[in-house]
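# An overview of the molecular structure
For reference, the chains in residue letters:
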Amino acid sequence: MAVVLPVQATLYIEISGAGEHQIPISIVPFDGEDKLSQKISEVIANDLKRSGLFRLVDPAGKSPHELRDVNYGDWAKVDALTIGSVVVLPDGRVEVKFRLLDTHKQSTLLGQSVVAKGDQVRAIAHRIADMIYEKFTGNVGVFSTRIAYVNRDGKVNRLVVADSDGYGEQSVLTLTEPIMSPSWSPDGSHLAYVTFEQGRAVIYVQSLVTRQRFVLAAFPGSNSAPAWSPDGKQLAIVLTRDGTSSIYLVRPDGSGLKRISFSDAIDTEPSFSPDGRFLLFSSDRGASVQVYRMPVDGGYAERMTFEGNNNFSPRYSPDGNSFVFMHSTRGQFYIATQDFKTKQVQVLTDVGWEKKPSFAPNGKLILFATESLGRGILATVSSDGRVKQKMIPQQGDIREPMWGPFLK
Amino acid sequence: MKKITMSVLLISLLAACATDKPVEVASAPVAPVAAPAPVAQVAQAAAPVVTDALDDANSILAKRSAFFDFDKSVVKAEDKPMVQAHGKYLAENTARKVAVEGNTDERGSSEYNLALGNRRAESVKKMLVVSGAKAGQIAIVSFGEEKPKASGHNEAAWSQNRRADISYK
């Protein structure tokens, strides 16, 4: 277990477990990074550590910054070495140079120079971590992506967008009424969400660029559970205006409303398949709450889950081969995945109070809400269940997290 | 001297009231001081105070919450007389309107609970209508698990939060 406590501690992060094949790597502190508010090498090291796929080896006082300073004999215990430097330019921007070296082949795997605004140091470090992660795993890194969640502190509810490691919190909306169900547009530019500021559940869409927002659905009754289609041209939403909660499609401007589920039971929590052709949703049309799948055009809904007592909150994996959901058995709630082909269920958590799962856009990590010492917190688990991480905020209860898309 | 007389008068009046009708002393203490009158008249003047059964703390209408079993939305036998009494009251007072507010405990997903709260409110609304209320007198709203009355993470709190409240407007 590793504990990471940065200087500006808005969070407390706890990592447990390790990947099956960890890559030993050393990240040498970058030359000149002491002058920055954030140490680039630390951000990179923490990102890689959190993935569970890297084992961070202390540089033991050796600090080469240029290729010519590297004595490969010093680094026989690691497979990879990262060196680099930072210069603050006269106009306040920073220039970061880094190299990723293969210590056995004694060759350069990556080498790059990035210039960015002075407040973008963490973003640069996340980019570098993404490049290192992709080089070794073949998968696109998600350290530069963002997450959204609700922080409830007494009566104050904040809709928050933060980096995937929980830092760089920005409040999008602050209300004294509950906020629910944030949902990212596929390009990451907008959030749809539900609030009770009109006295009942109403769906809003808000731009993260202009911060402007508008009502998407405010029909009589509850308006809830927005989910964007992969092409961003429509959303699936849940309304009670015609009776029990049913699923409808609507365009992002609120036009073209069309009902697509017609049971007398509760149908809610729609999630689009990556190809946009199907929806997973939860329903109690049988004797219990289960996950079903139906074509987006409407039609036959096939029951997908059969294990445990109830199964809620389905979300497709980015490759469409599996889905993650909240699995309830004997009054406990766990995060589980199910493969579409084999129908095999894998339960990934063990505490029993894990809710609202969503995949990272590379499918390798799952974000969810849980509790620690009576507080609502964020947590992640690797999709193979091996590496777990808790992110504990300094204040408030975290609810309703949702991992955002890759930024294009 | 005059002051003392007043006090004596007041005491004797209070004493007289206390023997006959103790409850109504508080509601009409001024009148007997200004115009000393027979005890019987005091009681008569105070009688019309209770005009609306809704304001009577001893009426079944003072109860406004129905409680539910886990994941259920059926009004329990013990809450039926209360809901039916509100239905009858609404039938007799057609100008009155209510909102039925459905709530759930924190177990399950927040979206499912929003739907379940809706179903609980709907269930109470149906019983109000069967008992004589007009559908137009009743709005329903669900808060799901979002506005818990009790904050604990145990059955004691959960049982309080699985609730539909009849809220008069």
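This text gives an overview of the structure that appears in the document.

Quick notes on the rules
Residues numbered from 1 in each chain as written. Chains lettered and ligands numbered in written order. Predicted model: local features only at pLDDT ≥ 70, side-chain atom pairs only at ≥ 80, totals over all residues. Helix = DSSP H or I, 4+ residues; strand = E, 2+ residues; numbered from the N terminus. Buried ≥ 20, exposed ≤ 12 C-beta atoms within 10 Å, placed from the backbone. Contact = placed C-beta atoms within 7 Å. Nonpolar A, V, L, I, M, F, W, Y, C, P; charged D, E, K, R; others polar. Expected span 1.5 Å × (residues − 1). Arc of directions from axis to C-beta. Pairing = 2+ DSSP bridges. Axes fitted to C-alpha atoms, helices over the stretch in contact; angles between N-to-C directions. Core = buried A, V, L, I, M, F, W, Y, C linked by C-beta atoms within 7 Å. Parallel < 35°, antiparallel > 145°, perpendicular 65-115°, else oblique. Left-handed = near helix turned anticlockwise from the far one by under 90°.

### Digging into the overall build of chain A
- Summing up its helical and strand segments, chain A has two helices and 31 strands in all.
- For the C-alpha atoms alone, the extent of chain A along its principal axes is close to 70 × 45 × 40 Å.
- Here chain A, with 408 residues, has 46% of them falling under the buried criterion.
- Of the contacts formed within chain A by residues at least 6 apart in sequence, a portion of 43% connects residues at least 24 apart.

### Focus: the overall build of chain B
- The number of helices and strands found in chain B is six helices and four strands.
- In chain B, the succession of helices and strands from N to C terminus is α-α-α-β-α-β-α-β-α-β.
- For chain B, the residues scored as buried account for 33% of the 169 residues in total.

### Side note on the interface of chain A and chain B
- Opposite the 25 residues of chain A that make contact, chain B presents 14 residues.
- Among the secondary structure elements, those contributing two or more residues to the side of chain A that touches chain B are strand S11 (179–184), strand S15 (223–228), strand S19 (267–272), strand S23 (310–316) and strand S27 (355–359) of chain A.
- The residue makeup of the side of chain A that touches chain B, split by class, is nine nonpolar, eleven polar and five charged.

### Observations regarding helix H4 (residues 80–92) of chain B
Residue and element names in this part refer to chain B.
- A rise of 1.5 Å per residue sets the reference length of H4, with its 13 residues, at 18 Å; its end C-alpha atoms lie 18 Å apart and thus fit the reference within 8%.
- Burial in H4 covers these residues: Met82, Val83, His86, Gly87, Tyr89 and Leu90. The arc enclosing the buried residues of H4, seen along the axis, measures out at 160°, which places them on a common side. Opposite the buried face of H4, at more than 90 degrees from it, the exposed residues are Pro81 and Glu92.
- Looking at the buried positions of H4, the neighbouring elements they touch are strand S1 (65–67), strand S2 (98–103), helix H5 (110–130) and strand S4 (163–168).

### Some thoughts on the environment of Met294(A)
All names here are of chain A.
- Relative to the helices and strands, methionine 294 is located in strand S21 (residues 290–295).
- Spatially, the C-alpha atoms of methionine 294 and aspartate 284 are 15 Å apart, while their sequence positions differ by ten residues.
- Leaving out residues up to four positions away in the same chain, methionine 294 has contacts with Phe278, Leu279, Gly299, Tyr300 and Ala301.

### Topic: the sheet that holds S23(A)
All names here are of chain A.
- In spatial order, the strands read S23-S24-S25-S26; together these four strands make up an open sheet with antiparallel pairing. The sheet is open, and its two borders are formed by S23 and strand S26 (345–347), each paired with just one other strand. Taken pair by pair, the neighbouring strands of this sheet meet at an average axis angle of 30°, ignoring direction.
- Direction of pairing for S23 relative to strand S24 (residues 322–329): antiparallel, over a ladder of five bridges. Looking at S24, one finds that asparagine 310 is bridged to serine 328.

### Remarks on the sheet that holds strand S3 (residues 23–27) of chain A
Residue and element names in this part refer to chain A.
- Here five strands make up an open sheet; going across it, the order is S4-S3-S5-S6-S7 and the pairing mixed. A strand with exactly one partner marks an edge of an open sheet, and here the two such strands are strand S4 (54–56) and strand S7 (107–116). Neighbour-to-neighbour, the strand axes of this sheet turn through a mean angle of 25°, independent of strand direction.
- Set on the sheet, helix H1 (residues 40–51) makes contact with S3, S4, strand S5 (80–88) and strand S6 (94–102); between it and S4 the angle comes to about 135°.

### Re the nonpolar core
Residues and elements named next belong to chain A.
- The biggest cluster of nonpolar side chains holds 107 residues, and the ones touching the most others in it are Ile40, Ile44, Ile237, Ile335 and Ile366.
- It is helix H2 (residues 121–137) that provides the largest number of residues to this core, a total of eight residues.
- In this structure, isoleucine 40 is in contact with Phe30, Glu33, Val86, Val96, Val121, Ile124 and Ala125, ignoring residues within four places of it in sequence.

### Describing the packing of H1(A) against H2(A)
All names here are of chain A.
- Orientation of H1 relative to H2, taken along the N-to-C sense of each, is 45°, at an axis distance of 8 Å. Accordingly, the angle class assigned to the pair H1 and H2 is oblique. For the element pair H1 and H2, the recorded crossing hand is right-handed. Each of Ile40, Val43, Ile44, Asp47, Leu48 and Ser51 in H1 lies in contact with H2, whose residues at this interface are Val121, Arg122, Ile124, Ala125, His126, Ile128, Ala129, Ile132 and Tyr133.
- Here the contact of H1 with H2 is composed, by residue class, of eleven nonpolar, two polar and two charged.

### Some thoughts on the pairing of strand S31 (residues 397–403) of chain A
All names here are of chain A.
- Most of S31 sits out of view: six of its seven residues are buried.
- As paired elements, strand S8 (residues 146–153) and S31 share five bridges and run antiparallel to each other. Looking at the pairing, asparagine 151 lines up with isoleucine 398 of S31.

### What to know about the pairing of S24(A)
All names here are of chain A.
- Counting buried positions along S24 gives seven out of eight residues, so the element sits mostly inside the fold.
- In this antiparallel pair of consecutive strands, S23 and S24, the connection spans five residues, and glycine 320 shows a positive phi of 75°.
- With eight bridges connecting them, S24 and strand S25 (residues 332–339) associate as antiparallel partners. Within S25, the position partnered with threonine 329 by the bridge is glutamine 332.
- Counting the residues in the hairpin turn of S24 and S25 gives two residues, including arginine 330, whose phi is positive at 50°.

### A few points about the packing of H4(B) against H5(B)
All names here are of chain B.
- Two elements in contact, H4 and H5, have axes separated by 7 Å at closest approach and are oriented at 55°. In terms of orientation, H4 and H5 fall into the oblique class. As H4 packs across H5, the resulting crossing turns out to be right-handed. From H4, Val83, Gln84, His86, Gly87 and Leu90 reach across to H5, where they touch Val124, Met127, Leu128, Val129 and Val130.
- For the contact of H4 with H5, the class distribution of residues is seven nonpolar, three polar and no charged.

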